[in-house]
2 protein chains.
Amino acid sequence: MANLLKGKDVALEIINRSKEVVEKNNIRPCLAIFRLGEKDNDLSYERGIEKKASEVGLEIRKYIFKEDVDEEAFYQKLDEANSDVNIHGILIFRPFPKRFDDAKLRNYIATEKDVDGCGDGSLAGLLTNSEKGFAPATAKAAIEILDYYNVDVSGKSVVVLGRSLVIGKPVSLLLLNKNATVTICHSKTKDIEKIASNSDILICATGQMESIDKTYTNPNQTIIDVGISWNQEKGKLCGDVQFEEVEPLVKNITPVPGGVGSVTTAVLINNVVTACIRNKK
Amino acid sequence: MANLLKGKDVALEIINRSKEVVEKNNIRPCLAIFRLGEKDNDLSYERGIEKKASEVGLEIRKYIFKEDVDEEAFYQKLDEANSDVNIHGILIFRPFPKRFDDAKLRNYIATEKDVDGCGDGSLAGLLTNSEKGFAPATAKAAIEILDYYNVDVSGKSVVVLGRSLVIGKPVSLLLLNKNATVTICHSKTKDIEKIASNSDILICATGQMESIDKTYTNPNQTIIDVGISWNQEKGKLCGDVQFEEVEPLVKNITPVPGGVGSVTTAVLINNVVTACIRNKK
């Protein structure tokens, strides 16, 4: 039986830490949310953010547009948020309709307000290990879980499955900055089970539901499952890992749901607080 | 006896390729070099660039300053080069004296002219695998050698020793973009010899002269030695690898000197040509 690395306690600690900073510094951090239309996923994430924001004392400003919004009108509002000194973080619910250039969109946010780490400034900051911009919230959430449960990564063999711009690459760089020995695997990797099963820590971010079975594991392993998909057959949310098979065989594992996903929103909130503090300096 | 992956032939191919593009498109690419003082290393690199530039039909403009140059005067010239439409690439011989902020300096070059890949725009381009900016020339040189000698990296296990911003991290991302399975090792890595000796390809960029011995190797391995240091005792240039010991035991290896270093200048020249072509589009 593995130790369950539950996200709830980690999120609570981050929220308390954020609240303390807000109160101690007597600040009013503000997050601007840019949303197009009324997609279920967006609305659910937005509600989660609003709930945690109210616990911390964070202001939320919503910029809501119709799906067919004029591009110029949209960017004008984004310009306003970029230059508004009372807004410290900006979050855009991507993906956007295809007529928007995604590279332009993600780079439009001022780097110091890029609290979900989507722009080039934030990405470069990951490579230079500087405090320029932010890491993507989900990538940072994986690190927060390891930190909270005292899973030391320094000098350890960490295998990352997946090389996306939102998880695989940024979490690899965050781990490297914490002195882990990082191996990045992907769909073209040969002997992936062998490589994975030799790791101390396995970060699963393939986006392939229940694709990681016992052949990827060893008894001393910590598994962080970043995946989250709806399993039609089982009628529930599942991660990248075949949880029932893998859980009894490893040392530590995050559940899905209730793992990384539940920490992401707290990280985002904390990033807004950090942006506000950096701005004061 | 290993196959020697000599840089000379690779450099020649890159220079010929660059020359062909220049002639076919009837362009006059121009590189601006910014140098402070008269350091031996800088002057030697500059001569190498000038020689290859003349072969390709590349113009070189030199901006030479005294070591104690006024910062404002320096940046004014850099501004001019950034906005001059007839200059396509800019190279600054760093490191600069400490009164210069290195982050400001490396980010001051317009990304589209950043032919040695030192700015955040170029670094982010490595992560997004886009044609924004350029990879650092030495990192790209390692890739050019593998390409020239048909060492396939896709799906292969590549171990990178070193995590610097000029070699380790960028070469890892370039290899990842070519579908290699990349492991990044460094001074904190445990069992580094075991990890290295299990690799198909080993990129040595530790900067520790002759630190890589036979315990890092296997008979099917390709070794790219990025290191270059002056060995006082032997009275010659040496790489990160104990060449005499390692060379008989592996499949392919780059010599030092005459390996990666001899390709770097050609890559830089080719980047200026590419910058000029991109600018025309």
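> How do you make sense of the packing of helix α6 (residues 137-148) of chain B against helix α10 (residues 261-280) of chain B when you look at a structure like this?
When two helices pack together, their arrangement is given by the angle between their axes and by how far apart the axes lie. Residues and elements named next belong to chain B. It is at 8 Å that the axes of α6 and α10 come closest, and there the two elements cross at 105 degrees. One finds that α6 runs roughly perpendicular with respect to α10. Residue-level contacts link Ala137, Thr138, Lys140, Ala141, Glu144 and Ile145 of α6 to Val263, Thr264, Val267, Leu268 and Asn271 of α10. Residue composition of the contact of α6 with α10, grouped by class: 6 nonpolar, 3 polar and 2 charged.

> In this structure, what is going on with the interface of chain A and chain B? I would like to understand it.
Size of an interface, as often reported, equals the accessible area lost when the parts are brought together. Facing the 22 residues of chain A at the interface are 22 residues of chain B. Mapped by element, the contributors of at least two residues to the side of chain A that touches chain B are α5 (120-128), α7 (168-177) and β6 (181-185) of chain A. By residue class, the composition of the side of chain A that touches chain B is 9 nonpolar, 8 polar and 5 charged. The pairing of β6(A) with strand β6 (residues 181-185) of chain B spans 3 bridges and is classified as antiparallel. Pairing of Val182(A) across the sheet is with Ile184(B), part of β6(B).

> Explain helix α10 (residues 261-280) of chain A to me, please; I cannot follow it from the model alone.
Every α-helical turn comprises 3.6 residues, leaving residues that sit three or four positions apart pointing alike. Between its first and last C-alpha, α10(A) extends 30 Å over 20 residues, near the 28 Å set by a 1.5 Å rise per residue. Taken across its 20 residues, α10(A) has 15 buried, putting it largely inside the fold.

> Explanation requested: α6(B) in the structure shown.
Residue and element names in this part refer to chain B. Taking 1.5 Å of rise per residue, the 12 residues of α6 would be expected to cover 16 Å, and the 16 Å separating its terminal C-alpha atoms lies within 8% of that figure. Burial within α6 is extensive, with 10 of its 12 residues counted as buried. Listed as buried for α6 are Ala137, Thr138, Ala139, Lys140, Ala141, Ala142, Ile143, Glu144, Ile145 and Leu146. Those residues of α6 that are buried lie in contact with α1 (7-25), α7 (168-177), β7 (201-204), β8 (222-225) and α10. At the exit of α6 stands Asn150, carrying a positive phi of roughly 55 degrees.

> Just checking my understanding: could you explain the sheet that holds strand β2 (residues 30-36) of chain A for this structure?
By definition, the strands of a sheet pair up through backbone hydrogen bonds, in either a parallel or an antiparallel sense. All names here are of chain A. With parallel pairing, 3 strands are arranged side by side in an open sheet as β3-β2-β4. Where the open sheet ends on each side, the last strands, each with one partner, are β3 (59-65) and β4 (89-92). Direction aside, the axes of adjacent strands within the sheet are offset by 20 degrees on average. The sheet contact formed by β2 and β4 spans 4 bridges and is parallel. Pairing of Ala32 across the sheet is with Ile90, part of β4. Packed on one face of the sheet, helix α3 (residues 71-83) meets β2, β3 and β4 and runs near 165 degrees to β3.

> Whenever I open this one, the relation of the copies chain A and chain B confuses me. Can you help?
Here the two chain copies are tied together by a rotation about an axis and a shift along that axis. With an RMSD of 0.0 Å, chain A superimposes on chain B once it is rotated by 180 degrees and translated 0.0 Å along the axis. Look at the turn and shift together and you get a two-fold axis relating the two. By C-alpha distance to the rotation axis, the residue of chain A lying nearest is Thr183(A), at 2.0 Å.

> Honestly, the environment of Glu247(A) in this entry has me stumped. Any pointers?
All names here are of chain A. Its location among the elements puts Glu247 in the loop between α9 (243-246) and β11 (252-253). C-alpha of Glu247 to C-alpha of Ile269: the two residues are 22 residues apart in sequence and 31 Å apart in space. What Glu247 contacts, discounting residues up to four positions off in sequence, is Ala2 and Ile253.

> I tried to follow the packing of helix α1 (residues 7-25) of chain A against helix α6 (residues 137-148) of chain A on my own but got confused; where do I start?
Residue and element names in this part refer to chain A. The interhelical angle for the contact between α1 and α6, taken along N-to-C directions, is 95 degrees, at an axis separation of 10 Å. Considering their axes alone, α1 and α6 lie roughly perpendicular with respect to each other. When α1 is examined against α6, the residues Gly7, Asp9, Val10, Glu13 and Ile14 are found in contact with a partner set consisting of Glu144, Ile145 and Tyr148. In terms of residue class, the contact of α1 with α6 is built from 4 nonpolar, 1 polar and 3 charged.

> Any chance you could explain unusual backbone geometry here in plain terms?
The bulk of non-glycine residues show a negative phi, and the bulk of peptide bonds are trans. Here the residue pair Arg94(A) and Pro95(A) is connected by a cis peptide bond, since its omega of 0 degrees sits within 30 degrees of zero. Among the structural elements, Pro95(A) can be located in the loop between β4 and α4 (102-108). In this chain, Val256(A) is followed by Pro257(A) through a cis amide linkage whose omega measures -5 degrees. Mapped onto the elements, Pro257(A) comes out in the loop between β11 and α10. A positive phi angle is found at Asp191(A), which is not glycine, with a value near 55 degrees. Structurally, the position occupied by Asp191(A) is in the loop between β6 and α8 (192-197). Even without being a glycine, Asn150(B) presents a positive backbone phi close to 55 degrees. Along the chain, the position of Asn150(B) falls in the loop between α6 and β5 (157-161). The exposure class assigned to Asn150(B) is exposed, which follows from the 6 C-beta atoms found within 10 Å.

> Looking at this model, I keep getting lost on the sheet that holds β11(A). Mind explaining?
Taken in spatial order, the 12 strands line up as β1(A)-β11(A)-β8(A)-β7(A)-β5(A)-β6(A)-β6(B)-β5(B)-β7(B)-β8(B)-β11(B)-β1(B) in an open sheet, and their pairing is mixed. The open sheet has two edge strands with one neighbour each: β1 (3-4) of chain A together with β1 (3-4) of chain B.

> Is there a simple way to explain the environment of Ser262(A) in this structure?
Relative to the assigned elements, Ser262(A) resides in helix α10. Once you skip the residues sitting within four places of it in the chain, Ser262(A) turns out to touch Gly7(A), Lys8(A), Ala11(A) and Pro257(A).

> Looking at this structure, how should I read the domain arrangement of chain A?
Entries for chain A in the domain assignment read domain 1 (26-110) and domain 2 (137-261). Look at where the C-alpha atoms of domain 1 of chain A and domain 2 of chain A centre, and you get two points 29 Å apart.

> Please explain the nonpolar core as it appears in this structure.
Nonpolar side chains in soluble globular proteins tend to be buried together. Judged by nonpolar contacts, the single largest core of 162 residues is most densely connected at Ala142(A), Ile203(A), Ala142(B) and Ile203(B). Each residue touching Ala142(A), except ones within four places of it in the same chain, is listed here: Val171(A), Ile203(A), Ile224(A), Val226(A) and Val260(A).

> I keep staring at the pairing of strand β3 (residues 59-65) of chain B and nothing clicks. Help me out?
Side chains on a regular strand alternate between the two faces of the sheet. Residue and element names in this part refer to chain B. Relative to β3, strand β2 (residues 30-36) runs parallel, the two sharing 7 bridges. Across the sheet, the residue bridging to Leu31 is Ile60, located in β3. In the classification by handedness, the crossover that spans β2, the intervening helix α2 (residues 40-56) and the parallel β3 is right-handed.

Reading the values: rules and limits
- Residues numbered from 1 in each chain as written.
- Chains lettered and ligands numbered in written order.
- Predicted model: local features only at pLDDT ≥ 70, side-chain atom pairs only at ≥ 80, totals over all residues.
- Axes fitted to C-alpha atoms, helices over the stretch in contact; angles between N-to-C directions.
- Helix = DSSP H or I, 4+ residues; strand = E, 2+ residues; numbered from the N terminus.
- Parallel < 35°, antiparallel > 145°, perpendicular 65-115°, else oblique.
- Contact = placed C-beta atoms within 7 Å.
- Nonpolar A, V, L, I, M, F, W, Y, C, P; charged D, E, K, R; others polar.
- Pairing = 2+ DSSP bridges.
- Expected span 1.5 Å × (residues − 1).
- Buried ≥ 20, exposed ≤ 12 C-beta atoms within 10 Å, placed from the backbone.
- Least-squares fit on C-alpha atoms with pLDDT ≥ 70 in both.
- Domains from an automatic or database assignment.
- Core = buried A, V, L, I, M, F, W, Y, C linked by C-beta atoms within 7 Å.
- Right-handed = clockwise from strand over helix to strand, strands pointing away.

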